[in-house]
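Okay, here's what each chain looks like letter by letter:
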Amino acid sequence: MGEDKLYDLMDWAQIEALVYSEEDNPHSILGPRLTDDGVLIQAFMPSAEHIMVQITGKKESYEMTMEDESGFFAVLIPGKKIPKYTLYIIFDNGTSIEYVDPYAFEPILTKEDTQKFNAGICYDIYDKLGAHPMTVNGVDGVHFAVWAPNAVRVSLVGDFDLWDGRRLPMRRLWDSGIFEIFVPNIGVGELYKYEIKARGGMTFLKADPYANAAQLRPDTASVITDLTKFNWSDEKWMKQRKETDSKKKPMAVYEMHLGSWKTPEDKTFYNYRELAPMIAKYVKEMGYTHVELLPIMEHPFDGSWGYQVTGYYAPTARYGTPEDFMYFMNYMHEEGIGVILDWVPAHFPRDTFGLCSFDGTCLYEHLDPRQGSHPHWGTLIYNYGRPEVKNFLIANALFWADKYHADGIRMDAVASMLYLDYGKNDGEWVANMYGGNENLEAVEFLKHLNSIFKKRNDGALLIAEESTAWPKITGALDDDGLGFDYKWNMGWMNDFIGYMSLDPVYRAGNHGGLTFSMIYAYSEDFILTLSHDEVVHGKCSLINKMPGELEQKFANLRAAYGYMMMHPGKKLLFMGQEFAQYKEWNEAASLEWGDLEQEPNRQMQEYCKALLAFYKSHPALYEKDYDPEGFEWINAISANENMLVFTRKTDKKEDTLLVVCNFSPLVYENYKIGVPYPGKYKEIFSSDKVEFGGKGNLNPRVKQSKKDECDDREDSIMIKVPPMGISVFSYAKAAPRAASNKEAKNVKEKKDASAKKDTAAKKTKVRKVSLKEELKKKVEAEK
């Protein structure tokens, strides 16, 4: 074809936009298209010297003409149908590649997909945005898509294009704000980022918000991976989870940070596959039902423990690959252990490779810092009113349940989402449209998320860490609730730890710290937590918050754990607290755990193991956690004695447990307590056993109740109450009582006396009859 004709087909304005990296629809000029004169193929490849077009399956090849010295090539080949072809490229350094033209493919995403996303209702958007290996028209490659509506131009960069943003500019899809490209012949393991040119000319690199894998910090590139290759074998667990009502089952959660739980000597971290059997074995031995992992989503700073996320769709590379994490989840399920994932939709860090000012504008965050910034945390707040941002977060929660079979999502810092003035001073926040401090957009987001998550109907849970009295966190959506399954009981944790940290001399005046939680216990479906917030943020372990010498500290902590297990609500304990590590916080070494070879730590661990076994084996402690009929105070007013007495119940009377808690250092001998029913009471658990580190103040004999009023009860028992401890008694209905020896003797004497009386009466009657007959005979004889 003539050079003039080819020249006339050039769109020089678009070519200039390509050369200056400002073209947002490169597919309209690059690649093949039909003309009246044949098939026009155009390519832009900086530093290329020659490009040949090789028709697939044929011998024909055509050399392209360099139309612009910046690297723009074109050729017009005969034909009325676009053929399949490859480009053979020779660069100015003598290297060459064979290249399937990425601009020869139609869009992968549909207009319906993008419209749903722009409306915030494309709940499987994680299968559409990001990087996904696939085969298109028989060609293997990877499809990339990213939302950057305010960008002038977005390019895909990586090792495969020498990180040159001119080589793979992406196509803007309509007015959706989404850019996409399908790149043939690249695969799993390749590094990539998006080069974004913002208005004003600034150009920068961003990691993929929807990336399924990322480089290990401090490197920040996204990594192509394939989530479809793992073979799951947890069908039995998933079926059982779906059919189980968690509210009526025991739930004891072991909260843990994978990177700190156990570390190898020869490297920084264990792999997910190495951690799985170690954690499963330990958790099963201890008796926990679930583990809760501090955020495993990718994050740049180890010290954040995962709470400043940059890769929401990628398990952190610290412990391995996405497939390694799938193995972890699958293994835990096969061992009968549920896995809850911490999730952070409240804020994100300012790292420049992340979501911050993603397309040169405040895209994921608010523009106004009074709305978009957490002054205390130094992080940014999501704009929950933007549909695409809501879609990003809602789909992310669904993603972990879908792709990784997560059994629950625990949502961090919900209070900071609900209140516009959370952690802010006057002048640092903007009121809502009604002048209030409620974040109406966040409320709508949470309701939206919970409504969609519940439609899965597969038993996966949503848990809120919410520290205020916002109503109906676990209320039904159709009753204007937020729809969570559970809420962390932060009020109980703060009140109870505040009480336990006091010297017993001062506890009487703070008795409400023990009892106040029962006033609101049934307002929400609570999980009682002694979490990382109290250990890490408090910079010491729970044992260090207990008063007294070491022995008393351990006794206090045993009593605290015992009360927690007996109190209504599911349970959560942070790692290390089960053996009461008592070394102080070390700024340089983070947390130093206690030494299990030391006897007090070992005894505490055995105590927790026994306590968890006791909890799981007694339905009264979990079946009616959220039913007021499952709990009854016997004595909640003995503040001076630091004493509590209550019952836990089911619908079966024989399941009743009588719980006695003593938070004073005194032993109470022959202490009278009221009981709910007449019968026998047997001590079946005590925190003061010698094997737990206690003093052995026990009640070895069964206690038979007596008709002796106490605590407004007709019946009572006399028991020994251990110091700083709890005692739990089972109930059994009294059998018909056998008479004592004295009582039997008295009965016998009464029977004997009665028998003698009867005999005498009979003799008297017989005698009377005999005299009468003798007299009659005598009279008749005289006649």
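All residue numbers here refer to positions counted from 1 along the written sequence of the relevant chain. Local features in this predicted model are restricted to residues of pLDDT 70 or higher, and side-chain atom pairs are both shown and tallied only at a pLDDT of 80 or more, whereas totals for entire chains, interfaces and linings draw on every residue. Hydrogens and water molecules were not included; the side-chain quantities draw on all heavy atoms of the structure.

(A) The arrangement of the overall build of the protein in detail. Of regular secondary structure, the protein possesses 18 helices and 37 strands. Within these notes, the globule rule equals 2.2 Å times the number of residues to the 0.38 power, and the radius of gyration is based on C-alpha atoms. The C-alpha radius of gyration computed for the protein amounts to 38 Å, which surpasses the reference 28 Å derived for 783 residues by more than 25%, pointing to a less compact arrangement than a globule. The principal-axis extents of the C-alpha atoms in the protein amount to approximately 175 × 65 × 60 Å. Only protein chains enter the calculation, and the probe is 1.4 Å; a residue is then buried if its accessible area is under 20% of its type maximum, exposed if over 50%, and partly exposed in between. Relative to its 783 residues, the protein shows a buried fraction of 55%. For the protein, the accessible area works out to roughly 34,600 Å², and carbon and sulfur atoms hold 50% of it. We treat Lys and Arg as the positive residues and Asp and Glu as the negative residues; His and chain ends play no part in the count. Lysine's charge is taken at NZ, arginine's at CZ, aspartate's at CG and glutamate's at CD. Charge-centre separation for the protein: the mean point of 93 positive side chains lies 17 Å from the mean point of 116 negative side chains. The numbering of helices and of strands both runs from the N terminus, where a helix is a DSSP run of H or I of at least 4 residues and a strand a run of E of at least 2. Per-residue accessibility takes into account occlusion by the displayed protein chains alone, with areas from the Shrake-Rupley method and a 1.4 Å probe.

(B) Fine view of the packing of aromatic side chains. Side-chain rings of Phe, Tyr and Trp (the six-membered ring for Trp) are treated as a pair once their centres are within 6.5 Å; stacked means planes under 30 degrees apart, edge-to-face means over 60, and tilted covers the remaining angles. Enumeration over the complete set of coordinates arrives at 57 aromatic pairs. Relative to Phe663, the ring of Phe496 has its centre 6.4 Å away and its plane inclined at 75°; by these criteria the two rings are edge-to-face. In this pair, Phe496 sits in helix H12 (residues 490-500) while Phe663 sits in the loop between strand E32 (657-662) and strand E33 (668-675), placing the two residues 167 residues apart along the sequence. Overall, the relative accessible area of 0% leaves Phe663 in the buried class. Here Lys247 stacks its cationic end above the ring of Tyr626, 5.8 Å away from the centre of that ring. Geometry around Tyr677 places Lys653 over its ring, the cationic atom sitting 4.4 Å from the centre. Should the NZ of a Lys or the CZ of an Arg lie within 6 Å of a ring centre and within 35 degrees of the ring normal, that charge is described as sitting over the ring.

(C) Spatial organisation of the pattern of salt bridges. Here a salt bridge means any side-chain nitrogen of Lys or Arg lying within 4 Å of a carboxyl oxygen belonging to Asp or Glu. In the structure shown here, the tally under the stated rule is 45 salt bridges. The salt bridge partner of Lys128 is Asp124, with a shortest N-O separation of 4.0 Å. Connected via shared salt-bridge partners are Glu292, Asp342, Arg410, Asp412 and Glu465.

(D) Structural detail: the sheet that holds strand E22 (residues 347-348). The rule for pairing is simple: two strands pair if DSSP sees at least two bridges between them. With respect to topology, three strands assemble into an open sheet ordered E22-E24-E23, the strand pairing being antiparallel. The open sheet has two edge strands, E22 and strand E23 (373-374), and neither has a second partner. In this structure, E23 lies alongside strand E24 (residues 379-381), joined through two bridges in antiparallel fashion. Its bridge partner being in E24, His374 is matched across the sheet by Thr379.

(E) Seen up close, helix H2 (residues 12-19). Those residues of H2 lying buried are Gln14, Ile15, Ala17 and Leu18. Relative to the axis of H2, the buried residues are bounded by an arc of 160° and lie together on one face. Any pair of residues with heavy atoms lying within 4.5 Å of one another is described as a contacting pair. Summarising the contacts, the buried residues of H2 are in contact with strand E2 (38-44) and strand E6 (72-77). Directions from the helix axis toward the C-beta atoms define the arc.

(F) The arrangement of the pairing of strand E14 (residues 191-197) in detail. Within E14, seven of the seven residues are buried, leaving the element largely enclosed by the surrounding structure. Burial along E14 is two-sided: the face carrying Leu191, Lys193, Glu195 and Lys197 and the face carrying Tyr192, Tyr194 and Ile196 are both buried. In this sheet, E14 lies alongside strand E11 (residues 153-158) in antiparallel orientation, the contact comprising six bridges. Its bridge partner being in E14, Val157 is matched across the sheet by Lys193.

(G) Here's a closer look at the side chain of Glu465. Note on placement: Glu465 falls in the loop between strand E26 (461-464) and strand E27 (486-488). A relative accessible area of 10% places Glu465 in the buried class. In contact with Glu465, other than residues within four places in its own chain, are Arg410, Met411, Asp412, Ala413, Val414, Ala415, Trp488, Met490 and Asp533.

(H) Here's a closer look at the side chain of Asp226. By secondary structure assignment, the location of Asp226 is in the loop between strand E16 (222-223) and helix H4 (235-243). N or O atoms closer than or at 3.5 Å make up a polar contact, with two conditions inside protein: a donor-capable atom paired with an acceptor-capable one, and, for residues adjacent in sequence, both atoms drawn from side chains. In this structure the side chain of Asp226 is engaged in a polar contact, spanning 2.7 Å, whose partner is the side chain of Thr228. Excluding residues that lie within four positions of it along the chain, Asp226 makes contacts with Pro133 and Val188.

(I) Expanded view of the packing of H12 against helix H16 (residues 550-566). It is the contact of H12 with H16, at a shortest axis distance of 11 Å, that shows an interaxial angle of 150°. Relative to H16, the element H12 is oriented roughly antiparallel. Considering how the two elements wind past one another, H12 and H16 form a crossing that is right-handed. Listed contacts from H16 to Trp492, Phe496 and Met500 of H12 are Asn556, Ala560, Tyr563 and Met564. Each residue is assigned to one of three groups, with Ala, Val, Leu, Ile, Met, Phe, Trp, Tyr, Cys and Pro labelled nonpolar, Asp, Glu, Lys and Arg labelled charged, and all others, Gly among them, labelled polar. Counted by class, the contact of H12 with H16 contains six nonpolar, one polar and no charged residues. Simply put, an axis is a line fit to the C-alpha atoms, just over the touching stretch for a helix, and the angle between two N-to-C directions goes from 0 to 180 degrees. Here the angle decides the label: under 35 degrees means roughly parallel, over 145 means roughly antiparallel, 65 to 115 means roughly perpendicular, and every other value means oblique. Helix crossings are classified by the rotation of the near helix relative to the far one: an anticlockwise turn of less than a right angle makes the crossing left-handed, while a clockwise turn makes it right-handed.

(J) Structural view of a nonpolar patch on the surface. Each patch is built from salt-bridge-free residues with over 30% relative accessible area, joining like charges within 9 Å and nonpolar side chains (Val, Leu, Ile, Met, Phe, Trp, Tyr) within 5 Å. Together, Met433, Tyr434 and Leu440 line one region of the surface with nonpolar side chains, adding up to about 400 Å² of accessible area. Along the chain, Leu440 turns up in helix H11 (residues 440-454).

(K) Representation of the sheet that holds strand E13 (residues 178-184). As summarised here, the arrangement of the four strands in space is E9-E10-E13-E12, forming an open sheet in which the pairing is antiparallel. A strand with exactly one partner marks an edge of an open sheet, and here the two such strands are strand E9 (130-136) and strand E12 (171-172). Pairing of E12 with E13, which is carried by two bridges, proceeds in the antiparallel orientation. Considered in E13, the bridge of Arg172 is made with Phe179.

(L) The arrangement of the environment of Ile340 in detail. Mapping Ile340 onto the fold places it in strand E21 (residues 338-343). Owing to a relative accessible area of 0%, Ile340 belongs among the buried residues under this scheme. A sequence separation of 47 residues divides Ile340 from Leu293, and the C-alpha atoms of the two residues are 6.3 Å apart. Every residue in contact with Ile340, bar those within four places of it in the chain, is listed here: Val253, His290, Val291, Glu292, Leu293, Gly408, Ile409, Arg410 and Ile463.

(M) Quick look at the packing of helix H9 (residues 387-403) against H11. Put simply, H9 and H11 touch, their axes get as near as 10 Å, and they point 35° apart. Taken as a pair, H9 and H11 cross one another with a handedness that is right-handed. Where H9 approaches H11, its residues Lys390, Leu393, Ile394, Ala397, Leu398 and Ala401 are matched on the opposing element by Glu444, Phe445, His448, Leu449, Ile452 and Phe453. A breakdown of the residues in the contact of H9 with H11 according to their chemical character gives nine nonpolar, one polar and two charged.

(N) Molecular detail of the pairing of E13. The element E13 is extensively covered by neighbouring structure, given that seven of its seven residues are classed as buried. Side-chain alternation along E13 places Ile178, Glu180, Phe182 and Pro184 on one buried face and Phe179, Ile181 and Val183 on a second face that is also buried. As defined by bridge partners, strand E10 (residues 139-147) adjoins E13 across seven bridges and the pair is classed as antiparallel. Bridging from a neighbouring strand, Trp147 pairs with Ile178 of E13. Count of turn residues in the E12/E13 antiparallel hairpin: five residues, of which Trp174 carries a positive phi of about 55°.

That is the geometry; function is a separate question.
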